[in-house]
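Structure at a glance
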Number of protein chains: 2
Amino acid sequence: MTYSELNTPLRTIMTPGPVEVDPRVLRAMSTPILGQFDPAFTNIMNEVMDMLRKLFQTKNKWAFPVDGTSRSGVEALLCSIIEPGDKVLVPIFGRFGHLLTEICERYGADVHTMECRWGEVFQQETVIEEIKKVSPKVVAVVHGETSTGRMQPLEKIGAACREVDALLVVDAVASIAGAEVKVDEWCIDGIIAGTQKCLSVPAGMAPITYNERIEKVINSRKKVERGISTADDRQRESTMNRPMVKSNYFDVSMLQDYWSPRRLNHHTEATSMLFALREGLRIVLEEGLENRFKRHKFHETALTAGLEAMGLELFGDKANKLPTVTCVKVPGGVEADAVRSMLLEQFGIEIASSFGPLHGKIWRIGSMGFSCRQENILFVLSALEAVLVRHGVSIPTGKALQAALDVYTREKTEKPAPVASS
Amino acid sequence: MTYSELNTPLRTIMTPGPVEVDPRVLRAMSTPILGQFDPAFTNIMNEVMDMLRKLFQTKNKWAFPVDGTSRSGVEALLCSIIEPGDKVLVPIFGRFGHLLTEICERYGADVHTMECRWGEVFQQETVIEEIKKVSPKVVAVVHGETSTGRMQPLEKIGAACREVDALLVVDAVASIAGAEVKVDEWCIDGIIAGTQKCLSVPAGMAPITYNERIEKVINSRKKVERGISTADDRQRESTMNRPMVKSNYFDVSMLQDYWSPRRLNHHTEATSMLFALREGLRIVLEEGLENRFKRHKFHETALTAGLEAMGLELFGDKANKLPTVTCVKVPGGVEADAVRSMLLEQFGIEIASSFGPLHGKIWRIGSMGFSCRQENILFVLSALEAVLVRHGVSIPTGKALQAALDVYTREKTEKPAPVASS
């Protein structure tokens, strides 16, 4: 049996990730590779570290990608900090809070959770009270919860963590490069980003950054691989009194040595993905973080105006909506997945379902990164209207595009600069 | 500060990985992405599974990549099988045997090791005796040890494992697609490949396959993520009596659900890397496994003939040389890394050093996948000769290329078919 050349349809991808990749990023990936210790490559590694610091708005020394999809970064950071029995507090307001809990539990943490209804977030004061009560070693919290489309305010939580000497670890996979995330100003100790959402780079890397508070914990468990360690390394390790990190691949003390001037071999860096990440970051920094956040808000306004003009109801607490994900309640009597299938089959548009208790109850429309463009917003609105009509839903027709165009034309003068490459 | 466009030098990469990537693979990566549950994408996932079965010469149901660099596959397979206290036997004959040991130890295994001198391999009978003595749950062994350029014969070891009900897990990262690896015929229960070596795909994925013996162990620890599990899942889990796999990202029971028709969301598949892997596998299968193995042997013959004609001595036991990596002893008085630097700076050629006790003692020249081409072999020989002369080494000049050309012209008629895309 022979296999044909790769033939893929072109899609309009309006899910909360993976999203459309900027053509410049796709092109960067077709660059011939370099060896991992080639100075031309290690220079690129350093540039990426520098660009990541800007993305994260931090002066942290350590900022680099973990070679795996987003959750690999979450697991790397958590498992390198957590020792069996450590107290961790996780506020859960959607699927990914459960994931944080599960990862911590697997690594033996004593996890305290607090939950609120899916579609809401926590008052920061409520979280802070719980932090004082539990006095955990780590507070792990999601910033942008894609499963419910909510964004947890965080700016007061980091300071509260420092008061009880807890480390704040944040999953910003769905918000980074699409909404404000101020690592240093918010006193976030460690944070994880994803590539396949607002960065508009393919899935496969998880940029992280962490400060000296976390570095200290990590260094106290530092390990050098036996096959490449020196006598000095082994001497130091013989006096270590902390348990080894369970994972070798996710041992951040090893990743740190690889990303440091020592360049101690761990894995072989995912070359082409690093080229992609570099180009993706370059595009973000060319656009400028503030412009980029404004662009996401602007298109969100047009999208939600269109959806509401169509008579659809948005899901969740409006005050804490994640600007990059819009959750829409599925009208009564409509089979949610049938609508999504028709969107894909007839229009080549992909929107998302949700998970667990929300599956079939809401649709999730992403407006992230390169996918977050006027033509995509207008196309998804027109297509959704047509498909809903086709499914017998009684909605006002012709209103959605007008409402979105109102936003696009009314705010023309305030419209953010276009994406560099579009 | 602004960052320039990605500008990379073109290199001749003759290391044991990462190696040059076939232009067809680079091109495949610039294909616009698809959503992870798009039928067009899940169809590609299934095709890749099918092609991996052919690569591994297996009828196993499960064959898919782990989204991480090679060692992520090693860790995923081992940590999904190993429970704390499990006996594991690791025969060590280089750096990567130490890595297997370390990974097993981190996950709480009771690891029994046997070691031989770097540069040699084990008699299979010696390993089989030890298996009978230790009676481990798992035997974990490297097939192609890149650090020493040796290949461990395995064809009898799998059968011996079955006699004591042990599972045989093999690291074939450096040999797969470059030398014979017969998963079913050799009774290998689980095996890990890498992309960045003889597959000539960038680093970032680790294809694995495993049989029903391993699936049974994995299923006994099967877990569904809380945020997406059904009442049925939770009911089943409540009766489980095995400890959870420590890692979420590497929990193969979850990866399995994602790669199964259930398509249960775990990570977001690394889209562009999967496109790359598909094209890389397609090229391998077009060339044909037997042709490909012959091609690697053929160029190895030319390379080693050239090196010996230059008066250099090869390192290690000749009978068990890994055909894809050639280790050369550094002549006395020569600074090994200075030679490598001059090769890179003056010729744009990269060869490798080795690790631990062999660092500075040997050079390693890879001849893998797309890098394994006549012009590369001839170029590295001519460059190495010139650089050694420049470093004051007294060697016969002008002989190396003649010896290699003897091989290339003498064996012209037996020369394997060229690579599809070259």
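Residues numbered from 1 in each chain as written. Chains lettered and ligands numbered in written order. Predicted model: local features only at pLDDT ≥ 70, side-chain atom pairs only at ≥ 80, totals over all residues.

Looking only at helices and strands, chain A features 14 helices and 13 strands. The C-alpha radius of gyration of chain A comes to 22 Å, within 12% of the 22 Å expected for a compact globule of 422 residues. Principal-axis analysis of the C-alpha atoms gives chain A an extent of 75 × 55 × 50 Å. Within the span of chain A, comprising 422 residues, buried residues form 58% of the whole. (Helix = DSSP H or I, 4+ residues; strand = E, 2+ residues; numbered from the N terminus. Rg over C-alpha atoms; globule rule 2.2 N^0.38 Å. Buried ≥ 20, exposed ≤ 12 C-beta atoms within 10 Å, placed from the backbone.)

Attention shifts here to the domain arrangement of chain A. Residues and elements named next belong to chain A. By the assigned domains, chain A splits into domain 1 (22–283) and domain 2 (289–414). Each of domain 1 and domain 2 was reduced to a C-alpha centroid, and the two centroids are 31 Å apart. In this assembly, 25 residues from domain 1 lie in contact with 23 residues from domain 2. When residues of the side of domain 1 that touches domain 2 are traced back to their parent elements, those giving at least two are β6 (144–145) and β7 (150–151). (Domains from an automatic or database assignment. Contact = placed C-beta atoms within 7 Å.)

Quick look at the interface of chain B and chain A now. Counting from both sides, the interface comprises 70 residues of chain B and, opposite them, 69 residues of chain A. Listed by contribution, the elements that provide at least two residues to the side of chain B that touches chain A are α1 (23–29), α2 (39–56), α3 (70–81), α4 (95–106) and α10 (271–287) of chain B. Looking at side-chain class alone, the side of chain B that touches chain A contains 29 nonpolar, 22 polar and 19 charged residues. (Nonpolar A, V, L, I, M, F, W, Y, C, P; charged D, E, K, R; others polar.)

Residue and element names in this part refer to chain B. Of the strand pairs in this sheet, strand β3 (residues 87–92) and strand β4 (residues 110–115) are connected by 6 bridges, and their pairing is parallel. Pairing of K87 across the sheet is with D110, part of β4. In this fold, the crossover linking β3 to β4 by way of α4 has right-handed handedness. (Pairing = 2+ DSSP bridges. Right-handed = clockwise from strand over helix to strand, strands pointing away.)

Let's shift gears to the packing of helix α11 (residues 289–309) of chain A against helix α14 (residues 399–410) of chain A. Residue and element names in this part refer to chain A. Interhelical geometry of α11 versus α14 gives an angle of 150° and a closest axis separation of 7 Å. In terms of their interaxial angle, α11 and α14 are classed as roughly antiparallel. Handedness of the α11/α14 crossing: right-handed. Contacts between α11 and α14 involve T301, A302, A305, G306, L307 and A309 on the former and, on the latter, K399, A400, L401, Q402, A403, A404, D406, V407 and Y408. A class-by-class count of the residues in the contact of α11 with α14 yields 10 nonpolar, 3 polar and 2 charged. (Axes fitted to C-alpha atoms, helices over the stretch in contact; angles between N-to-C directions. Parallel < 35°, antiparallel > 145°, perpendicular 65-115°, else oblique. Left-handed = near helix turned anticlockwise from the far one by under 90°.)

All names here are of chain A. Here we have 7 strands laid out as an open sheet, ordered β2-β10-β9-β8-β5-β3-β4, and mixed in their pairing. The open sheet terminates on both sides in strands that have one partner only, identified here as β2 (62–66) and β4 (110–115). On average, each strand axis in the sheet is inclined to that of its neighbour by 15°, with strand direction left out of account. When strand β3 (residues 87–92) meets strand β5 (residues 138–142), the two strands line up parallel, connected through 2 bridges. Bridging from a neighbouring strand, V88 pairs with V138 of β5.

Next up on the list: the relation of the copies chain B and chain A. The relation between the two copies of this chain is a rotation about an axis and a shift parallel to it. Taken as rigid bodies, chain B and chain A are interconverted by a rotation of 180° and an axial shift of 0.0 Å, the fit giving an RMSD of 0.0 Å. The transformation just described matches what one would write down for a two-fold rotation axis. In terms of proximity to the rotation axis, the leading residue of chain B is G68 of chain B, whose C-alpha is 2.4 Å off the axis. A symmetric contact is evident, with 99% of the interface residues of chain B recurring at the interface of chain A. (Least-squares fit on C-alpha atoms with pLDDT ≥ 70 in both.)

Right, let's get into the environment of E300 of chain B. All names here are of chain B. Relative to the helices and strands, E300 is located in helix α11 (residues 289–309). The exposure class assigned to E300 is buried, which follows from the 23 C-beta atoms found within 10 Å. Separated by 250 residues in the primary sequence, E300 and D50 place their C-alpha atoms 30 Å from one another. Among all residues touching E300, those that are not within four sequence positions of it are P323, T326 and S367.

Here the focus is the confidence of the model for chain A. Of all residues in chain A, 97% attain a pLDDT of 70 or more, and the chain-wide mean is 95. Across the whole predicted complex the pTM is 0.96, and at the interface the ipTM reaches 0.96. (pLDDT = per-residue confidence, 0-100.)

So, about the nonpolar core. With 281 residues, the main nonpolar core has L78 and C104 of chain A together with L78 and C104 of chain B as its most contacted residues. Apart from residues no more than four positions distant in its own chain, L78 of chain B is found in contact with I103, C104, Y107, A140 and V169 of chain B. (Core = buried A, V, L, I, M, F, W, Y, C linked by C-beta atoms within 7 Å.)

All names here are of chain B. Of all 5 residues making up strand β2 (residues 62–66), 5 are buried, and the element is well covered by its neighbours. Of the pairings in the sheet, the one linking β2 to strand β10 (residues 206–210) comprises 5 bridges and is antiparallel in character. If you follow P65 over to β10, its bridge partner there is P207.

This paragraph deals with the environment of K399 of chain A. Residues and elements named next belong to chain A. Here K399 lies in helix α14. Residues K399 and T326, spaced 73 residues apart in sequence, show a C-alpha to C-alpha distance of 19 Å. Those residues within four positions of K399 in sequence are excluded, and the remaining contacts are A309 and M310.

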